[in-house]
Amino acid sequence: MIKKTVLLSLLLINLRCFAQDIYIIPQVGLNANTYDFDETSSNLSNQRFSPGVSAGVGLNIALNELRTFILQPEINYSMRNNRTDHISSGNGNEALTIKQKSMLHYLEIPLLARFDFGIGTRYYFNIGPSFSYALGGREKLESDEPRIDSYSRSADFDNRFNRTDWSALIGGGFEFPFNDGFLVLDARFAWGFKTLYKSREIERIDSNGNLTATNVGPEGKNRIFTLSIGYALPLN
């Protein structure tokens, strides 16, 4: 731990020496989260739009005098909501819908390379990796079929959900001069590489009216679009 702290301190000192300008950016926004399910689940499911909130802070570290190349580490909170309707057959072949919902709370740590253009009002695009860690959450199931129990419970990260995720971020935005800093409008898309679920089973009623379960295995990779607004304050 001591070695890691020393190395991190040296890295920050080196960045401070090379940096031309440093800004801190508090930011808040909304995200739209979906999960990329495989064909097995897609044949049974219909995802619904369910927005969440995001908030955090970033360091905008310019590595040249014109601020055309910027390193931007961030630490953010992200609420990832999902609602999936599972279509099932019942007695007499009537259609039943089983509603499955999840609301998970993540700590995200992106490290972005940002490329800026323009004078005064500027536009930029950025790209980089992001690590996410789930702090907690809940999942719900609503069923009109009495043989399938409804529930509302804490998310099970030991057996059901993966707690960590790695993503690739790409996005861009605009920054406008405002007082001593900049007003920043940012849009980005995150492409997750790790599955949401460790294991996943969907209870359903087959065409003969029998209770059954389909094990769709580990799946569900995050796809997140985030739109945020922030204000960049100079630190030097």
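This structure is a prediction, so every number in the text was calculated from the model and none was measured. (Residues numbered from 1 in each chain as written. Predicted model: local features only at pLDDT ≥ 70, side-chain atom pairs only at ≥ 80, totals over all residues. Heavy atoms only, no water.)

## Side note on the side chain of Asn 222
Inspection of the secondary structure assignment puts Asn 222 in strand β12 (residues 221-234). In this structure the side chain of Asn 222 is engaged in a polar contact, spanning 3.3 Å, whose partner is the side chain of Asp 165. Beyond its immediate chain neighbours, meaning those up to four positions away, Asn 222 contacts Asn 33, Thr 34, Tyr 35, Arg 80, Asp 165, Ala 190, Trp 191 and Gly 192. (Helix = DSSP H or I, 4+ residues; strand = E, 2+ residues; numbered from the N terminus. Polar contact = N/O pair within 3.5 Å; in protein donor to acceptor, adjacent residues only side chain to side chain. Contact = heavy atoms within 4.5 Å.)

## Structural notes on the nonpolar core
If you look at the biggest cluster of nonpolar residues, it comprises nine residues: Tyr 35, Leu 104, Tyr 106, Ala 134, Ala 155, Phe 157, Phe 161, Leu 196 and Tyr 197. Of all hydrophobic cores here, the second largest spans six residues; its members include Tyr 23, Ile 25, Val 184 and Ala 232. (Core = buried A, V, L, I, M, F, W, Y, C linked by side-chain atoms within 4.5 Å. Buried < 20%, exposed > 50% of the residue type's maximum accessible area, 1.4 Å probe, protein only.)

## Some details on the environment of Leu 66
One can find Leu 66 in the loop between β3 (51-62) and β4 (69-89). Judged by its relative accessible area of 66%, Leu 66 is exposed. Spatially, the C-alpha atom of Leu 66 lies 10.0 Å from that of Gly 118, the residues being 52 residues apart in sequence.

## What to know about the packing of aromatic side chains
This model, assessed by the stated rule, comprises eleven aromatic pairs. Taken together, a centroid distance of 6.4 Å and an interplanar angle of 20 degrees make the contact between Phe 174 and Phe 176 stacked. Since its relative accessible area comes to 44%, Phe 174 is described here as partly exposed. For Phe 176, a relative accessible area of 29% gives the class partly exposed. Each residue in the set Phe 69, Phe 115, Phe 117, Tyr 123 and Phe 125 is aromatic and connected to the rest through ring pairs, giving one cluster. The ring of Tyr 151 carries the charged tip of Arg 153 above its face, separated from the ring centre by 3.8 Å. (Phe/Tyr/Trp six-rings, centres within 6.5 Å; stacked < 30°, edge-to-face > 60°. Lys NZ or Arg CZ within 6 Å of the ring centre and 35° of its normal.)

## Considering the pattern of salt bridges
Enumeration according to the criterion identifies twelve salt bridges in this entry. Salt-bridge contacts for Glu 142 lead to Lys 101; the nearest nitrogen and oxygen are separated by 3.4 Å. Taken together, the residues span a long stretch of sequence, with Glu 142 in strand β6 (residues 122-142) and Lys 101 in strand β5 (residues 95-117) at a distance of 41 residues. Note on Glu 142: relative accessible area 34%, which makes it partly exposed. On the accessibility criterion, Lys 101 (29% relative accessible area) is partly exposed. Between Arg 153 and Glu 139 there is a salt bridge, and its shortest N-O distance comes to 3.1 Å. Placement of the pair is Arg 153 in strand β7 (residues 151-154) and Glu 139 in strand β6, with a sequence separation of 14 residues. Each of Arg 67, Arg 114, Asp 116, Arg 122 and Glu 175 takes part in salt bridges that share partners, so that together they form one network. (Salt bridge = Lys/Arg side-chain N within 4 Å of Asp/Glu carboxyl O.)

## Observations regarding the confidence of the model for the chain
Per-residue pLDDT for the chain has a mean of 82; in total, 78% of the residues score no lower than 70. Ignoring residues within four places in sequence, the model shows residues 39-43, a span with pLDDT below 50, making six contacts including any to other chains. (pLDDT = per-residue confidence, 0-100.)

## Regarding the side chain of Asn 31
Considering the arrangement of structural elements, one finds Asn 31 in strand β1 (residues 21-36). Classification of Asn 31 by relative accessible area gives buried; the value is 2%. A distance of 3.1 Å separates a polar atom in the side chain of Asn 31 from a polar atom in the side chain of Ser 78. Looking at Asn 31, its side chain comes within polar contact range of the main-chain oxygen of Met 79, at 3.4 Å.

## Looking at the pairing of strand β9 (residues 181-195)
Taken together, the twelve bridges between strand β8 (residues 164-178) and β9 define a ladder with antiparallel strand orientation. Among the inter-strand pairings, Phe 176 is bridged to a residue of β9, identified as Leu 183. When β9 meets β12, the two strands line up antiparallel, connected through eleven bridges. In the sheet register, Ala 187 faces β12, and the bridge partner there is Leu 227. (Pairing = 2+ DSSP bridges.)

## A closer look at a nonpolar patch on the surface
Where nonpolar side chains cluster on the molecular surface, the patch consists of Val 28, Phe 117, Tyr 123, Phe 125, Phe 174, Phe 178, Leu 183, Leu 185 and Ile 229 and spans about 810 Å² of accessible area. Elements that contribute at least two residues to the nonpolar patch include exactly β6, β8 and β9. Within the secondary structure, Tyr 123 sits in strand β6. Residue Tyr 123 is classed as partly exposed on the basis of its relative accessible area, which comes to 45%. (Patch = residues over 30% accessible without salt bridge, like charges linked within 9 Å, V, L, I, M, F, W, Y side chains within 5 Å. Areas by Shrake-Rupley, 256 points an atom, 1.4 Å probe, with all protein chains shown as cover.)

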